[in-house]
Amino acid sequence: MTANETLFDRDNAVGLRNTVQRIVQETPVLDMHTHLYAPAFGELLLWGIDELLTYHYLVAEFFLASDMPYDAFWALDKKAQADAIWKTLFVDHSPISEACRGVITVLDRLGLDPGARDLEGYRAWFAAQTPEAQVDRTFKTANISAAVMTNDPFDTLERPVWEAALKGDPRFLAALRIDPLLNDWAGSWERLKGWGYDVEAALNDKTLAEVQRFLSDWLTKMDARYMAVSLPPDFAFPEDSPRAKILAEAVLPAARAHGVPFAMMIGVTRQVNPALRLAGDGVGTSSLAPVEHLCAAFPENKFMVTMLARENQHALCVAARKFRNLLLFGCWWFLNNPSLIEEMTRMRLELLGPSVVPQHSDARVLEQVIYKWAHSREIITRVLRHKYADLVEAGWRISEAEIQRDVKQLLGGNFEKFVG
Ligand code: RAT
Ligand code: ZN
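Residues numbered from 1 in each chain as written. Chains lettered and ligands numbered in written order. Predicted model: local features only at pLDDT ≥ 70, side-chain atom pairs only at ≥ 80, totals over all residues. Heavy atoms only, no water.

J.: Explain the site of ligand 1 to me, using residue names and the numbers behind them.
T.: Residues in close proximity to ligand 1 include His-33, His-35, His-56, Tyr-57, Arg-177, Met-265, Arg-270, Trp-332, Trp-333, Asp-362 and Arg-364, which together make up its full environment. Between ligand 1 and the protein, one listed contact pairs an oxygen atom with a side-chain N or O atom of His-33 at 3.2 Å. The side chain of Tyr-57 places a nitrogen or oxygen atom 2.8 Å from an oxygen atom of ligand 1. Relative to its unbound accessible area of 300 Å², ligand 1 is 98% covered by the protein chains. Under a 2 Å grid-point criterion requiring more than half of the atoms, the pocket assigned to ligand 1 is the largest pocket. (Near = heavy atom within 4 Å. Polar contact = N/O pair within 3.5 Å; in protein donor to acceptor, adjacent residues only side chain to side chain. Areas by Shrake-Rupley, 256 points an atom, 1.4 Å probe, with all protein chains shown as cover. 1 Å grid on protein atoms, 1.4 Å probe; cavity = no way out; pocket = protein on both sides within 12 Å on 5 of 7 lines; lining within 4 Å. Sits in = over half its atoms within 2 Å of the grid points.)

J.: Which residues make up helix α7 (residues 119-127), and what values go with them?
T.: When we look at burial in α7, the residues that qualify are Leu-119, Tyr-122, Arg-123 and Phe-126. Seen end-on, α7 carries its buried residues on one side only, within an arc spanning 100°. Contacts from the buried residues of α7 go to α2 (49-53), α5 (78-91), α6 (98-109) and α8 (131-142). (Buried < 20%, exposed > 50% of the residue type's maximum accessible area, 1.4 Å probe, protein only. Helix = DSSP H or I, 4+ residues; strand = E, 2+ residues; numbered from the N terminus. Arc of directions from axis to C-beta. Contact = heavy atoms within 4.5 Å.)

J.: How would you sum up the coordination of the zinc ion (ligand 2)? Please name residues and give values.
T.: Every protein donor of the zinc ion (ligand 2) is listed here as His-33 (NE2), His-35 (NE2) and Asp-362 (OD), and their distances to the metal cover 2.0 to 2.1 Å. Positions of the donor residues of the zinc ion (ligand 2), expressed as sequence spacing, correspond to H-x1-H-x326-D. Just as His-33 is buried, His-35 falls in that class too. (Donors = N, O, S within 2.8 Å, 3.2 Å for Na, K, Ca; no water.)

J.: So what's going on with the sheet that holds strand β4 (residues 172-173)? Which residues, and what values?
T.: Paired through their backbone hydrogen bonds, the strands of a sheet run either parallel or antiparallel. Strand order in the open sheet formed by 3 strands is β2-β3-β4, with parallel pairing between adjacent strands. Of all the strands in the sheet, just β2 (29-31) and β4 have a single pairing partner and so form its edges. Bridge count between β2 and strand β3 (residues 144-148): 3 bridges; the pairing is parallel. Residue pairing in the sheet places Leu-30 in a bridge with Ala-146 of β3. The strands touched by helix α17 (residues 368-393) are β2 and β3; relative to β2, the strand with the most contacts, the crossing angle is about 125°. Contacts between helix α18 (residues 400-419) and the sheet are confined to β2 and β3, with β2 contributing the most and set at about 55° to the helix. (Pairing = 2+ DSSP bridges. Axes fitted to C-alpha atoms, helices over the stretch in contact; angles between N-to-C directions.)

J.: Give me the lowdown on the layout of surface pockets, citing residues and values where you can.
T.: The volume enclosed by the largest pocket comes to roughly 1000 Å³. Residue assignment for the lining of the largest pocket shows that the elements contributing at least two residues are α3 (56-65), α5, α10 (179-183) and β6 (227-231). Looking at side-chain class alone, the lining of the largest pocket contains 19 nonpolar, 8 polar and 14 charged residues. (Points joined across faces, edges and corners; volume = space filled by probe spheres on them. Nonpolar A, V, L, I, M, F, W, Y, C, P; charged D, E, K, R; others polar.)

J.: Give a description of empty space enclosed by the protein that names residues and reports values.
T.: In this structure the tally under the stated criterion is 1 cavity of 30 Å³ or more. A volume near 30 Å³ is recorded for the largest cavity. Lining the largest cavity, in full, are His-33, Thr-150, Ala-175, Leu-176, Arg-177, Tyr-226 and Ala-228. Of the residues belonging to the lining of the largest cavity, the class tally is 4 nonpolar, 2 polar and 1 charged.

J.: Provide a residue-level description of the packing of α5 against α7, including the pertinent values.
T.: Taken N-terminus to C-terminus, the directions of α5 and α7 make an angle of 140°; their axes are 12 Å apart at the nearest point. Classified by the interaxial angle, the pair formed by α5 and α7 is oblique. Our pair here, α5 against α7, has a crossing hand that is right-handed. Here Lys-79, Ala-82, Asp-83 and Trp-86 of α5 lie close against α7, whose contacting residues are Leu-119, Tyr-122 and Arg-123. Tallied by class, the residues present in the contact of α5 with α7 amount to 4 nonpolar, no polar and 3 charged. (Parallel < 35°, antiparallel > 145°, perpendicular 65-115°, else oblique. Left-handed = near helix turned anticlockwise from the far one by under 90°.)

J.: With reference to specific residues and values, describe the sheet that holds strand β5 (residues 176-177).
T.: The sheet built from 5 strands is open, its strands ordered β5-β6-β7-β10-β11 with parallel pairing. Strands with a single pairing partner mark the edges of an open sheet, and in this sheet they are β5 and β11 (326-328). Direction of pairing for β5 relative to β6: parallel, over a ladder of 2 bridges. Counted as the bridge partner of Arg-177 is Ala-228 from β6. Helix α14 (residues 289-297) rests against β7 (262-266), β10 (303-307) and β11 of the sheet, and its axis sits at about 175° to β10.

Worth remembering: the numbers are spatial, not functional.
What follows is the structure in structure tokens.
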């Protein structure tokens, strides 16, 4: 703190409020979990109005409001699906839900008038853009500095791009996602074998060493910042299962060897309604015991955790207080709604102080980062204003530089420090 820097105290509440707002807006975000891709990945990078309208969050809401049979919807091409969603969710009903409001915010921030309800006009505007320029514009509008992708070596579209050794784009960082390995060993070991790893169904020492080699190769190839998996509500550890064995004897050793965290996204029940396809997953509450056990039993490993059930959020905060090798992140998926983000952000700051990653976007379509961060920044601002106001009311004095430091930490610094 320099001698003549303004200190906010209880007599300067308005100055404090304005400063917090400005700093949260101006501080760039490092978005630590998305499903976006760099333009070099070609069609894997989704962008534009028809992709925004067919986001799976909106598909689920469409089926609630429409009586179109599932098969009839899936038989439509993307543009016709987008037309159906637009008519049902934006014209025949008010777009009140968070995912609908997101489309409105995106159009508005891109300078298009959402109130005009001019879908063909929006299409024409997007058709005139290139993916590269749209990435530049979107990152600038959302004020994000980088986005971490979700990179799946089991994905037949993605794999060849990595194998062709694409030219890196520093704004897109990689994360090695390994759901098939941990959630479906029976269905994935033969694929590893086909790629030249000497594995068999039985998880003997040789096989586990080869799985570790597979992970190590991909961590290197992708220069991955972390490894990640999504897990069902009944995730258990320790237990006698292929998942627990692979986790303890291949994944965690590979993570240690590369110095990268292992991210667990816990609480998703895949395909509770398969007719909804990507939109068909549900949520369940989980035990915190596996997280606590892993953090305690593997102190040399770093863990990042987010959980999908609202009911788990308090216990997860308590767990994060106990382990310095545990970093809590984001308001995931069904929690990415203003009322829940606010509740969670407040609780986390109260229990953990600024040692948390309050949000990630989970964007699947490029321009979604605009709304996800606009909406979350608004809430983070509100919560921080309250917290600082409570502090100065209690007699503390705080400088602008200190607020800047805190916000930087929340919007990217904590993640960067943790991944090292
Ligand atoms: O939020 C989503 O879009 C989900 O479909 C999932 O992708 C989830 O975020 C995940 O990473 O598994
Ligand atoms: Zn995700």
